[in-house]
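# Coordinates in review
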Amino acid sequence: MPIHSASLFSIAPGSSEPIYRQLVDQAQRLVAGGQLAPGDAMPSVRDVAQALALNPMTVSKAYGILELEGVLARRRGMGMFVADAPKGRHSVASRIELLRPTLERAALEARQLELDPDTVLSLFTNLLKEQP
């Protein structure tokens, strides 16, 4: 049974990051973090597009990139599934690299706001400790 698309992805429309890239990055993080496991069925392009009010071509582009990267696999007549993960793909180092762009954007915003690094780190630590 596919995962519900509305709870899987969240889009930041005002972000400088293209929407397809947001979908790709989120899927990569969900797989690397174990929230999506090998063999899990992904929601259809149509379902994701409708749930998030996106153009289906945007979702299709994201799924295509994820398939090329080996994160997703297409099963003829059945849709997209999380691919079996090669060893080492979900190492701590690879997961840190997935987080790095987000932290770089946050660091830039903190500098633009002229916030003290200790204050920012304290906020980040508190956010990490909060329950989702």
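Just so we're clear, the structure is a prediction, and the values are computed from it rather than from any experiment.

## Overview of the overall build of the chain
The secondary structure content of the chain amounts to six helices and two strands. The linear arrangement of helices and strands in the chain, starting from the amino end, is α-α-α-α-β-β-α-α. Overall, the chain is about 55 × 35 × 25 Å in size when its C-alpha atoms are taken along their principal axes. Taken across its 132 residues, the chain has 25% of its residues classed as buried. In the chain, the share of contacts with a sequence separation of at least 24, taken over all contacts with a separation of at least 6, comes to 56%. Here the chain displays about 9,000 Å² of accessible surface, and carbon together with sulfur accounts for 57% of that area. Taken as two groups, the 14 positive and 14 negative side-chain charges of the chain have centres that lie 9 Å from each other.

## Section: the confidence of the model for the chain
When the pLDDT values of the chain are averaged, the result is 87; 91% of them are 70 or greater. Per-element confidence in the chain is highest for helix H4 (residues 56-68), whose mean pLDDT is 96, and lowest for helix H1 (residues 5-8), whose mean pLDDT is 69.

## A short note on the nonpolar core
Ranked by internal contacts, the top residues of the largest apolar core, which has 21 residues, are Phe9, Leu36, Met42, Val59, Tyr63, Leu66 and Leu72. Among the elements of the structure, helix H2 (19-32), helix H3 (45-52), H4 and strand S2 (79-82) are those that each provide at least two residues to this core.

## Some words on the UniProt feature "domain: HTH gntR-type" (unreviewed entry) in the chain
According to UniProt, the positions carrying the feature "domain: HTH gntR-type" (unreviewed entry) are residues 17-85. Overall, residues 17-85 shows 51% helix and 12% strand. The separation of its end C-alpha atoms is 26 Å.

## A closer look at the side chain of Gln22
Mapping Gln22 onto the fold places it in helix H2. Side-chain polar atoms of Gln22 contact the backbone oxygen of Glu17, separated by 3.0 Å. Once residues within four sequence positions are removed from consideration, Gln22 is found in contact with Ser10, Ile11, Ala12, Ser15 and Glu17.

## Some remarks on the packing of H2 against H4
Packing of H2 against H4 brings their axes to within 8 Å, and their N-to-C directions diverge by 45°. In terms of their interaxial angle, H2 and H4 are classed as oblique. Here H2 and H4 pass one another in a crossing that is right-handed. Across the interface between the two elements, Ile19, Tyr20, Leu23, Val24, Ala27 and Gln28 from H2 touch Thr58, Val59, Lys61, Ala62, Ile65 and Leu66 from H4.

## Looking at the layout of surface pockets
Taken as a whole, the largest pocket spans an internal volume of roughly 910 Å³. Around the largest pocket sit 28 residues that line it, and Thr102, Leu103, Arg105, Ala106 and Phe124 are the ones nearest its centre. Of all elements in the fold, only H2, helix H5 (92-112) and helix H6 (117-129) reach the threshold of two or more residues within the lining of the largest pocket. At nine residues, H5 tops the list of elements feeding residues into the lining of the largest pocket. When grouped by side-chain class, the residues that make up the lining of the largest pocket number 15 nonpolar, six polar and seven charged. Empty space within the second largest pocket amounts to approximately 190 Å³.

Definitions and cut-offs
- Residues numbered from 1 in each chain as written.
- Predicted model: local features only at pLDDT ≥ 70, side-chain atom pairs only at ≥ 80, totals over all residues.
- Heavy atoms only, no water.
- Helix = DSSP H or I, 4+ residues; strand = E, 2+ residues; numbered from the N terminus.
- Buried < 20%, exposed > 50% of the residue type's maximum accessible area, 1.4 Å probe, protein only.
- Contact = heavy atoms within 4.5 Å.
- Areas by Shrake-Rupley, 256 points an atom, 1.4 Å probe, with all protein chains shown as cover.
- Lys, Arg positive; Asp, Glu negative; His and termini not counted.
- Charge placed at Lys NZ, Arg CZ, Asp CG, Glu CD.
- pLDDT = per-residue confidence, 0-100.
- Core = buried A, V, L, I, M, F, W, Y, C linked by side-chain atoms within 4.5 Å.
- UniProt positions renumbered as here; feature names shortened; annotations may be inferred.
- Polar contact = N/O pair within 3.5 Å; in protein donor to acceptor, adjacent residues only side chain to side chain.
- Axes fitted to C-alpha atoms, helices over the stretch in contact; angles between N-to-C directions.
- Parallel < 35°, antiparallel > 145°, perpendicular 65-115°, else oblique.
- Left-handed = near helix turned anticlockwise from the far one by under 90°.
- 1 Å grid on protein atoms, 1.4 Å probe; cavity = no way out; pocket = protein on both sides within 12 Å on 5 of 7 lines; lining within 4 Å.
- Points joined across faces, edges and corners; volume = space filled by probe spheres on them.
- Nonpolar A, V, L, I, M, F, W, Y, C, P; charged D, E, K, R; others polar.

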